[in-house]
Every structure is written in structure tokens, then in C-alpha cells.
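Examining the three-dimensional arrangement
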Amino acid sequence: MTNEQEFIITLNKVNKWYGQFHVLKDINLNVKVGERIVICGPSGSGKSTMIRCINHLEEHQEGEIVVDGVVLNNDLKNIGQIRKEVGMVFQHFNLFPHLTVLQNCTLAPIWVRKMPQKEAEAIAMKYLERVKIPDQAHKYPGQLSGGQQQRVAIARSLCMNPRVMLFDEPTSALDPEMIKEVLDVMVELAQEGMTMLCVTHEMGFAKKVADRVIFMDAGQIIEQNEPEAFFNNPQSDRTKLFLSQVLGH
Amino acid sequence: MKLDNRNGLTRLIYNPTVRSLFFQAVVLAGLLWFLLTIISNVMTNLDTRGISTGFGFLSQPAGFGISQTLIEYNETFTFGRTFFVGLLNTLLVSALGIVSATVLGVFVGVSRISPNWLLRKISMVYIEVLRNIPLLLQIFFWYYVVLQTLPRPRDSLTFGETVFINIRGVFMPKPMAESGFVVYMTLIVAAIIGVFVLGRWAKRRMINTGQQFPVFWASVGILVATLVIGFFITGRPIAFDYPELRGLNFRGGMSLIPELIALWFALTIYTSTYIGEIVRSGIQSVAHGQTEACRALGLNEKQRMNLVILPQAMRVMIPPMTSQYLNLTKNSSLATAIGYPDLVSVFAGTTLNQTGQAIEIITMTMLVYLTISLLVSAFMNWFNKRVALVER
Amino acid sequence: MDKFTPIESRPAPLVEVGVIGWMRKNLFSSIPNTLVTLFTAYMLWIVLVPFINWAFITSDWFGDSRQDCTSGGACWVFVTVRWNLFMYGFYPEDSYWRPNLAFILLIAILVWLSVPNLPYKKWVGIAAVTIYPVVAFVLLYGGFGLDIVPTHRWGGLMLTLVLALVGIVVAIPIGILLALGRRSEMPVIKMVCVIFIEFWRGVPLITILFMASVMLPLFFAGGTDADKLMRALIGIVMFQSAYMAEVVRGGLQALSKGQFEGADALGLSYWQKMNLVVLPQALKIMIPGIVNTLISLFKDTSLIVIIGILDILGMVRQALSDPAWLGYPAEGYLFAAFMFWIFCFSMSRYSIYLEDRLNTGHRN
Ligand SMILES: Nc1ncnc2c1ncn2[C@@H]1O[C@H](COP(=O)(O)OP(=O)(O)O)[C@@H](O)[C@H]1O
Ligand SMILES: [Mg+2]
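Fair warning: this is a prediction, and the values are worked out from it, not measured in the lab. (Residues numbered from 1 in each chain as written. Chains lettered and ligands numbered in written order. Predicted model: local features only at pLDDT ≥ 70, side-chain atom pairs only at ≥ 80, totals over all residues. Heavy atoms only, no water.)

1. With respect to the overall build of chain B
The cut-off we apply is this: Every helix listed is a DSSP run of H or I at least four residues long, and every strand listed is a run of E at least two residues long, numbered separately from the N terminus. Just to be clear, the radius of gyration here is over C-alpha atoms, and the globule rule we use is 2.2 Å times residues to the power 0.38. Relative accessibility decides the category of a residue: with a 1.4 Å probe and only protein chains considered, values under 20% of the type maximum give buried, values over 50% give exposed, and everything between is partly exposed. Residues count as neighbours in contact if any of their non-hydrogen atoms are within 4.5 Å of one another. In these tables, accessible area is a Shrake-Rupley quantity obtained with a 1.4 Å probe, and a residue counts as shielded only by the protein chains included in the view. Two residue types count as positive, namely Lys and Arg, and two as negative, namely Asp and Glu; His and chain ends fall outside the count. For this purpose, a charge sits on NZ of Lys, CZ of Arg, CG of Asp or CD of Glu.
The helix and strand inventory of chain B stands at twelve helices and eight strands. In terms of overall dimensions, chain B is more spread out than a globule: its C-alpha atoms have a radius of gyration of 29 Å, far above the 21 Å expected for 392 residues. Projecting the C-alpha coordinates of chain B onto the three principal axes gives extents of approximately 95 × 70 × 45 Å. Within chain B, the proportion of its 392 residues that are buried is 43%. Considering only residue pairs separated by 6 or more positions, chain B has 66% of its internal contacts joining residues 24 or more positions apart. Carbon and sulfur atoms provide 67% of the accessible area of chain B, an area that totals close to 21000 Å². Looking at chain B, you have 30 positive and 17 negative side-chain charges, and the mean spots of the two groups are 13 Å apart.

So, in C-alpha cells, the structure goes:
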């Protein structure tokens, strides 16, 4: 009982199909409060699909997903509740091009959390400072570099004061020199104790902050372990092959 | 070094500025010669035909009637007056068409991307069928086929004996001001101001406290209540003049002539197919990631549409929409094919036949459309500059 | 740690696939959606069933006069009896082979041009815009031993096609010149082109046709009564070139600046740059736009009935006023609508197909 309370996200035998294609197969996953999980695996293995199921951007067909004590089903109220508590950062930022950086950050606090504008702006500025771009607040996303845009996207999620953050390959669309500025923000966030699920191939990041690394292939979780053990002593051949490809070049 | 040895003439020939000036001068001269030839031809032709030029005819009496006039008009008014009668009729049918085509077009466009398969397919068929048939044919179809099936005045279709529909058109009660009308209007204006104030108050409260207020429904409530309750407490300030069957036709009230109805319907339907496609592609042009980001932030469907999708889709949609409105206005000139008294039909048609002043009349008519076009494209340029997304 | 065992893919649960899954997802996914489905299906039913009944089941197709229409539905005899008139207007019956031949040649050229991987496309294309028009004109009008058929005897669908094709073929080169002029750095040229384009685009075609029929004769010395069809064609070509110029401008804009600079850097002259580098690329991008203008033009040709030239719509209207055949406007207009629709719809499909092909071409 107490044990269950500790888990902020539980996936229990989750299955998902796209048409006849079986993308997620019997996924079991428990995430503790404050835990930092890195998910890796070859492209097309279902990593995105899995974390997108957690905030119901995709619908699963079998199994149970519980987030922060709320069961994820077709009930719009539950979905809304979960989305308030779960922030998400996309590979392609998905900032709103017609709103300024500041407006991007205050949109959801004002309309979803029903926060007064002043307060929302104050919070937004606080997070923009944390991602080190307060001076860009009144520009439009199109005027920023990729790395800056991704940091805005992180700030935008943080403004909702989420309990969990999901990252779907946040640095894959960035140039090398911008990757670092985004990773720095993410590391800082991790060190402050945010619960994070992060799909990424930045193994340095995994080694530095992850509590657990999960390896997925063909819709299954093949192996999960602490980063130390995961990298130095992988169990399955599939993992070994993948690691040799990612780290070996 | 060698090049410098060339003489002055060669240097001139190979100088791009000189070339360009020369070329432009030649074109200009050719154009002038062309225009002058035409003008002199026109002069001699008019002379031999004994037609006098000038705009004097505009003040002569017209001597013909017009079946629908928004301003006072009868045979004794001048040809100048027929110009304005026609112009107003053009503007009337264009305005009606723009409103209804927009409503229908938005509906069709949204249906086109509805989650419902049947609705999606039907709206696709609607668009594919109706936009591939000439507008003129559709006007004829409404006028000569559909409207001809309506009954004669004596057997009119009617709604509660107040609105009558028959082959001569649609006859409706005409509202007329009675005593108390001014008070009633004042009440209505006050209600509208009230709604504005309410909206601003709600917005300010939302900004300050974050609490939201159902502005839309409250406004509707206030307006409807004022309209209904105000009507009775001011002692029924609007009376209606009801149409009545006298002999072969209806008298009194307001009427829509069948030509207007046919033209309006055809313009509406034809343009709605284009607007539908604009709306669909406008909404679809907003990247899918935007929807996902909204959902990830917990915005609900209405907020997502109003705050993120529509503001972005609008930028894409408004320029082509405006050009559709312009097209509709120009297309309304097909009125002349069924005798709706628009500018082309009354002025470039009847007036031209009566006076023979082809040059003046066609020029005036074209200038009207040209002015509208230029105004609209000026607006479009301004709009595009204003809303262009800021990019690096 | 457990030994990892791969899981075989299982079939999706029934709600997701099959007819039922499809219907649940697309027709009955929610209560409002279900209501919409039922309502639309009902509307479709009450409109379509009587129409199909009228047009096909209780209709009459063949005969010589209206007495042959006995079934109570549509009287297609009205159309079949006048089929030749609707197709050729008053063209002499023993010469029908001439427009037919011109049309077959056209189809052959179009097929040649549109089937991928046929050789000599360029030459066929050039012949299509140079030799073919002359051949077609001789076939239709006469000369070289063929009897002269004056244009006032042309009509019906044949005339509609002639107007649309001549309009587009003449408008393309003028449109290209206008578009290049509009981009020109010479202020006079630019100004002239802008005024020309904006003028013709700003006024309705019907006023242009009025202008062509009442004003144009005054423009010629001695007030020559140029052929009525010719005058209408001049108007249509002016109108069409202005729209074509805008299509070409779009194509030129889609080309990256690097192409122009690259050509300049190689030392090509202005016309070399345009002919060798810019236009071959831009024309490819423009083909869908050109087809779309052709569709608009095809529909717009119907306006010439207003100045009394009898294209297919005009022939139908004339037939409708025949005292022996009063009372079949629905059949007549539906037939004309269908003819226009078939042409416009196939052209629009073709332009969509081209656009798709171009899009994939860009990505590779
Ligand atoms: N909307 C969709 N429809 C059908 N198949 C999809 C869809 N989205 C993803 N897939 C398929 O599901 C598999 C897993 O995708 P994804 O979760 O995006 O992989 P990853 O993020 O691990 O690269 C891939 O094979 C992909 O082709
Ligand atoms: Mg992915």
C-alpha cells in the first residue's frame, strides 16, 4: 500500500496497436517520485509512443496507466487532470509561432490554471530566467535559435508547475553547440529533484543524472538498470549491439 | 586596357543604363503610337456614326423602370440615377452573398475535416461537384429550374400567413417605426454598450484574478432579454406592414425578387466551395505539433481552437478569403444574364442600349470594379504586412 | 534480472480493426458523431433516392419527339435528339470529321505529353503550340481545298473547346512576357505590365466581353466589323494573359535566388538566363497553376452566351426555347452542367496528380 503511493507513474501490462501493428507490448513501468529515467532504443521501437501514452497524446488499448493516483481512461476530466501535472517537451519544440515567448509561457497558466495574468507573467519570467533567456521574452519564437526555442519550450512546461516532465528527444533537432545549452538546463532540473522521463541518446546525460536507464526494442522494454550497470554490463545481446553502435563511433 | 580603346559609340551601345533607357523609350513610344491610333480611330468612327461624346447623357431622363431599387427611383429620374441604383443593387447582392457564402463555406470546410467519415465525404462531393460547374449555369439552374417549380401567388407557400413564397419572389412583413421607437433603439444601444463593458470587465477580472466568466452566454442573454422585454415595455414600437394578396400579386410588405434569390443562392453556393477549401487548408496548415503542444499543456478543445489554431489559420485564410469576396463581387455581374438589375445589367446594359454611349458607360462600369479591386488589394497588402509571422 | 523473452505480436483487439472498428472510429465515435451520421444519412436518402429515380429509373433516353417521353421521369430524349447540335453547333453535318479529327489529334498530343517516359516530349510540345494550331484552324475554318465554314456556324461543345484552348495557348506566352516585365528593373516596363495586369484582373469578364462587342469595333479604322468570335477571343485572351502572368510570377518566385545568381555568375545574358535556367524550372512548377487557370477559363467561356455566341450552354438554351420542346429546363441544364463538370473535374484531378508528382520530385 505505502509502496504504491510512492509511484507517481505506473504502467501495467500496457498494449497499443496502430491498426494491426502492435507497437507496445505488455509494457510494465513504475516511476518513483523524483526518479529520473532515461529511455533509449533504436528508432521505431516505440519510445515516443510510450511516453505519449502517459499524457494521453496517444490512446492505449489494453492495460492500465496511473499517473499521480489518477487512472488514465477515456474520461476527459482525468485526462485534463493528468495533463496539468505532466509537462512535455517535444523534439520540434512546438512553440506557438503567433505568440511571443512570454505569451507562450503564460497561455496555459492563464487558461488552464486560471491564474491572474500578472502572476502568470511573474512565474514565466522566473522560469525564463532559469533557462537563461529572460531578455528574449518579447520576441517571437521564429526569431530565436533552435536551442533558445527548446529552452523556451522547457520553460513553458515548467510554468504549469508540473510534477513530472516528459522529454521526447529534446536535443535531436539541434546543432551540436546548442545541445549543451539545453542539456545544462535539463541537468539543473534533474538536480532540483524533478521527476523526469527522458527519451534521448545523449549517453553522457544518462550517466550523469539518470537513476535508471531503460532500453526498448520492438515495442518491449528489454532491459533496465542503473546507468553504471547498464553501460558497463548490459545483459542482452540486443542492448550490447545498440550500445556499441551508439557509443562506438 | 584593350577595352578602353573602343570608340565612344561602342561604349554607349554596351552601356546597360543606355540600353535600358533606349529600350524603355522604344516601348513607351510604341505604346503612345498605339493609343493615339486608337483614339483617332474612335474619334473618326464616332463622327461617322454621329455619336457625340461626353457625360451629358447622365443628366437626361432615363425613361425606363427598374424592378428593384434601394433608393427612390422611377422613369423620370436621370441616367445618372440609374448608375447609382445599379451600383447599390450590386453592393446589396454582393454583401448578402459574402455573408452567406462565408457561413456556408466555413461549415463545409469544417465538415471536410470532421471526424465523421460520412460528413467528410459528402462535403468533398459537394465541393468537387459544384465548383466544377460554371457559375452562370448554376444561376440559370436556380432561376429557370428551381424557382420555376414554385407555385403561383394564389397558392403561395406560407409561414404563418406572414411570409409568402411564390414564383414572383419572397414576400415578408416590413418593419415600421411607431411611437416609442426611439426609446426602444436607445435601450438596444445601451444593451450593446453594456455587453461591451461586461466583456472588458470580464477580461480585466480574468487578468487580475484568473477567474473566468461566461461572457458569450451572458451577452446573448442580455441582448435577447433587452430585445424581447424592451419591445413590450416600450409599447410595441415596431409595427409590421404585412404583404397581402391583391389580384394576381402581393402588395405591401417587403419582397425579394426571384432574380435576386437565384443570383444570391448561386453565388453563395459557388463561392462556398472555394471558401470551404480555404478554411480546410487553413486549419490543416497549422502544424500538427501545435495541437499536440496544446493538449500536452492541458488546454481544452475550445481553448485550443480559439487561442492557438484559429489565430494561426486566420493569417493563412484571410488573403484568399478576401480575393474570394472580390471574385464574388465581380461575379455578381452575371446578374445581367437573368435580369437582376445590378450595375452591369442596368447601366452597361439598358442605359447603354438607350444612349449608345458605349465608351463612357463601359469605362465608368469598369472603373467601379477596378476601384473596388484596388481598395481590396490595398487592404490585403496592409493586412499581410501586419500579421506576417515574425521569423528570423 | 529476469531473462528477456521476446513477445510475439498479437492481433489488435476488435474495437481497433475490421469493419466494426472502422465504423466505431469513423461514424459512431461519440454521441454527437452518431447523431451527425444518422442525420446526414437520412438527408442523403431523401435527396438521392428521388433524384436517381427521376434521372435513371423512370427516364426515357431515345426517340424523336417529346411524345416518346412517357415514363414520367427525366426526358433525356431532349438531349439525344439534339446531340449533334450540342456538340458541333450549326457546323455542316458532312464536315463533322474535321472537328473530330482536330480533337483526336489534340487528344493524341495530350496523351503523348502526359504519359511519363515517352520520347521527344519537347518536340511534341513545340509542335503542339506551333504546328497544331495552324492545322486545327485549317481543319475547322477551311482553306487548302476544304470548304470554308464561317465562325458563326461554329457552336456547341466544339466552340467551348476552341475558346478555352485558343485562350490558354495565346495567353501563356503573353503571360510569361508580362510576368518577366513585372519583375523587370526598368520602371517604364514594370509600370506598363503592372497596369495591364491589374486592369484586366480587376474587372469582371462580362464587362470585358461587353467592351469587346461594343467598344472594340470603334477602335479599328473604318469601324471594320471584325468577326464577332474574333472580338470575343481578343477579350478572353487579354483577361487570360493577366491571370497567366500571375501564375508565372508565382512560379518565378518559387525559384530560389541562387538560380538567378548562378546563371548571372556564368555570364549568361538575360534571355539565356530565362530560357536555359529559369523558365524550364519555373514552367514545371507552374503546370498545376496553368491547369487551374485553364479550368477557370473553361468555365468562364460560358459567359459568351451573354453576348450571343452559342457555345454548348448557348445551344442548350436555344433548344429550351424551341416551342416543340418547352418544359425541359432541368434536363437541358443538367446535361450542360455534366459536360462542363466532366472536363473541369478531370483537369482538376490531373493537376492534383501533377502536384503530387512535383512534390515527391522535390523531396528526392
Ligand atoms: N500515427 C501512427 N500510425 C501508425 N504507425 C505509427 C504511428 N506513429 C508511430 N507509428 C509506428 O510505431 C512505431 C513506433 O514509433 P515511435 O514510438 O515513434 O518510435 P520511436 O520514438 O521509438 O522512434 C514505428 O514503427 C512507427 O512507424
Ligand atoms: Mg520518437
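After that view, the rundown keeps rolling.
2. Some points on unusual backbone geometry
Residues and elements named next belong to chain B. Its identity as a non-glycine residue notwithstanding, Arg236 has a phi of 45 degrees, on the positive side. Structurally, Arg236 is set in the loop between helix H7 (215–233) and strand E5 (238–241). Judged by relative accessible area, Arg236 falls into the exposed class, the value being 54%.

3. Here we look at the site of ligand 1
Residue and element names in this part refer to chain A. Which entries qualify depends on this criterion: A molecule or strand has a residue near it when one of that residue's heavy atoms lies within 4 Å. Throughout this description, a polar contact denotes any pair of N or O atoms lying within 3.5 Å of each other; where both atoms belong to protein, one of them has to be capable of donating a hydrogen while the other can accept it, and for residues adjacent in sequence the pair is counted only when both atoms sit in side chains.
The environment of ligand 1 is made up of Tyr18, Phe21, Val23, Pro42, Ser43, Gly44, Ser45, Gly46, Lys47, Ser48 and Thr49. For ligand 1, a nitrogen atom lies 3.3 Å from a polar atom in the side chain of Tyr18. The contact in question runs from an oxygen atom of ligand 1 to an N or O atom on the side chain of Thr49, over 2.4 Å. Looking at the shell around ligand 1, the elements that each hand over two or more residues are strand E2 (21–32) and helix H2 (47–54).

4. Let's talk about the pattern of salt bridges
All names here are of chain A. Under the convention used in this document: For this analysis, a salt bridge means a side-chain nitrogen from Lys or Arg found within 4 Å of a carboxyl oxygen belonging to Asp or Glu.
One pass over the structure, following the stated rule, counts 25 salt bridges over all chains. Across the pair Arg130 and Glu192 runs a salt bridge, and its minimum N-O distance is 2.6 Å. Highlighted residues: Arg130 in helix H5 (residues 117–130) and Glu192 in the loop between helix H7 (176–191) and strand E8 (195–199), separated in sequence by 62 residues. Looking at Arg130, the relative accessible area reads 25%, which means it is partly exposed. Across the pair Asp217 and Arg238 runs a salt bridge, and its minimum N-O distance is 2.6 Å. In this pair, Asp217 is assigned in strand E9 (residues 212–217) and Arg238 in helix H10 (residues 237–247), connecting sequence segments 21 residues apart.

5. Notes on the environment of Gly63 of chain A
Residues and elements named next belong to chain A. Structurally, Gly63 is set in strand E4 (residues 62–67). For Gly63, a relative accessible area of 44% corresponds to the partly exposed category. Residues Gly63 and Asn15, spaced 48 residues apart in sequence, show a C-alpha to C-alpha distance of 6.2 Å. With residues up to four places along the chain from it excluded, the contact list for Gly63 reads Asn12, Lys13 and Val14.

6. Re the sheet that holds strand E5 (residues 70–71) of chain A
Which entries qualify depends on this criterion: Paired strands, as defined in this entry, are two strands with at least two bridges between them according to DSSP.
Spatially, four strands are ordered E2-E1-E4-E5 (chain A) in an open sheet, and the strand pairing comes out antiparallel. Where the open sheet ends on each side, the last strands, each with one partner, are E2 and E5 of chain A.

7. Some thoughts on the confidence of the model for chain A
Using the following cut-off: For every residue, the pLDDT score states the predictor's confidence, bounded by 0 at the bottom and 100 at the top.
Chain-level statistics for chain A give a pLDDT mean of 89 and a share of 97% at 70 or above. Per-residue pLDDT, averaged within each element of chain A, yields its smallest value for helix H1 (residues 2–6) of chain A (55) and its largest for E8 of chain A (95).

8. Considerations on the packing of aromatic side chains
Residue and element names in this part refer to chain B. The line we're drawing: Each aromatic pair joins two rings of Phe, Tyr and Trp (for Trp, the six-membered one) with centres within 6.5 Å, and gets the label stacked for planes under 30 degrees apart, edge-to-face for over 60, and tilted for any other angle.
Counting across every chain of the model gives 44 aromatic pairs over all chains. Between Phe64 and Phe79, the ring centres sit 6.4 Å apart and the planes meet at 40 degrees, which makes this aromatic pair tilted. You can see Phe64 sitting in the loop between helix H2 (16–49) and helix H3 (79–112) and its partner Phe79 sitting in helix H3, a full 15 residues away along the chain. Here Phe64 and Phe79 have matching classes, each one buried.

9. Considerations on the interface of chain B and chain C
For clarity, the cut-off: Two parts placed together each lose some accessible area under a 1.4 Å probe, and the buried area is that loss summed for both. Here the nonpolar group is Ala, Val, Leu, Ile, Met, Phe, Trp, Tyr, Cys and Pro; Asp, Glu, Lys and Arg are the charged ones; every other residue, Gly included, is treated as polar.
On the chain C side, the residues contacting the 50 residues of chain B number 56 residues. When the two sides are added together, the surface that chain B and chain C hide from each other amounts to roughly 4500 Å², 74% of it contributed by carbon and sulfur. Scanning the region where chain B abuts chain C turns up one salt bridge. As a salt-bridge pair, Glu128 of chain B and Arg349 of chain C come within 3.0 Å of each other at their nearest N and O atoms. Mapped by element, the contributors of at least two residues to the side of chain B that touches chain C are H2, helix H4 (117–130), helix H5 (135–146), helix H8 (258–285), helix H11 (343–355) and helix H12 (358–387) of chain B. With twelve residues, the top contributor of residues to the side of chain B that touches chain C is H2 of chain B. For the side of chain B that touches chain C, the per-class residue count stands at 34 nonpolar, eleven polar and five charged.

10. A word on the interface of chain C and chain A
Taken residue by residue, the interface counts 13 residues in chain C and 15 residues in chain A. The contact between chain C and chain A buries some 1300 Å² in all, and 56% of this surface belongs to carbon and sulfur atoms. There are two salt bridges connecting chain C and chain A. A salt bridge links Asp26 of chain A to Arg10 of chain C, with the nearest nitrogen and oxygen atoms 3.6 Å apart. On inspection of chain C and its partner chain A, the count reaches seven residue pairs in polar contact (both at pLDDT 80 or more). When its residues are assigned to classes, the side of chain C that touches chain A shows eight nonpolar, two polar and three charged.

11. Topic: the packing of helix H12 (residues 257–265) of chain C against helix H13 (residues 270–300) of chain C
Residues and elements named next belong to chain C. Applicable threshold: The convention used is that axes are lines fitted to C-alpha atoms, helices contributing only their stretch in contact, and that angles between N-to-C directions extend from 0 to 180 degrees. Angles below 35 degrees are treated as roughly parallel, those above 145 as roughly antiparallel, those between 65 and 115 as roughly perpendicular, and all remaining angles as oblique. For any pair of crossing helices, the crossing counts as left-handed if the nearer helix is rotated counterclockwise from the farther one by less than a right angle, and right-handed if it is rotated clockwise.
For the pair H12 and H13, the least separation of the axes is 10 Å and the interaxial angle reads 160 degrees. In terms of orientation, H12 lies roughly antiparallel with respect to H13. The interaxial crossing formed by H12 with H13 has right-handed handedness. Contact residues: H12 offers Gln259, Phe260, Ala263 and Asp264, while H13 offers Lys273, Met274, Val277, Val278 and Gln281. Across the contact of H12 with H13, the residue classes tally to five nonpolar, two polar and two charged.

12. Concerning the nonpolar core
Note the cut-off: Remark: nonpolar core denotes a set of buried residues (Ala, Val, Leu, Ile, Met, Phe, Trp, Tyr, Cys) joined through side-chain atoms within 4.5 Å.
Counting 157 residues, the largest nonpolar core has Leu136 of chain B together with Phe86, Trp154, Ile304 and Leu313 of chain C as its most contacted members. If you tally residues by element for this core, the top one is H8 of chain B, at 13 residues. Once residues lying within four places of it in the same chain are set aside, the contact partners of Trp154 of chain C are Tyr88, Tyr91, Leu140, Tyr141, Val149, Leu159, Val162, Leu229 and Leu310 of chain C. Membership of the second largest hydrophobic core comes to 48 residues, among which are Leu144, Val182, Leu183 and Met194 of chain A.

13. Structural notes on the environment of Ser95 of chain C
Residues and elements named next belong to chain C. Mapped onto the elements of the fold, Ser95 is located in the loop between helix H4 (83–88) and helix H5 (97–114). Residue class for Ser95 comes out buried when judged on its relative accessible area of 8%. Ser95 sits 138 residues away from Leu233 along the chain, and the two C-alpha atoms are 24 Å apart.

14. Describing the confidence of the model for chain B
Chain-level statistics for chain B give a pLDDT mean of 88 and a share of 96% at 70 or above. Quick note on the complex model: pTM equals 0.86, ipTM equals 0.90.

15. Let's talk about the side chain of Asn26 of chain C
When you line up the elements, Asn26 of chain C lands in helix H1 (residues 18–26). You can call Asn26 of chain C buried: its relative accessible area is 14%. Beyond its immediate stretch of four places on either side in the chain, Asn26 of chain C contacts Pro115, Asn116, Trp117 and Arg120 of chain B.

16. Here's the deal with the pairing of strand E3 (residues 36–40) of chain A
Residues and elements named next belong to chain A. With five of its five residues buried, E3 lies for the most part within the structure. Burial along E3 is two-sided: the residues Arg36, Val38 and Cys40 and Ile37 and Ile39 are all buried. Across four bridges, E3 lies against E8 in parallel orientation. Paired with Arg36 across the bridge in E8 is Met196.

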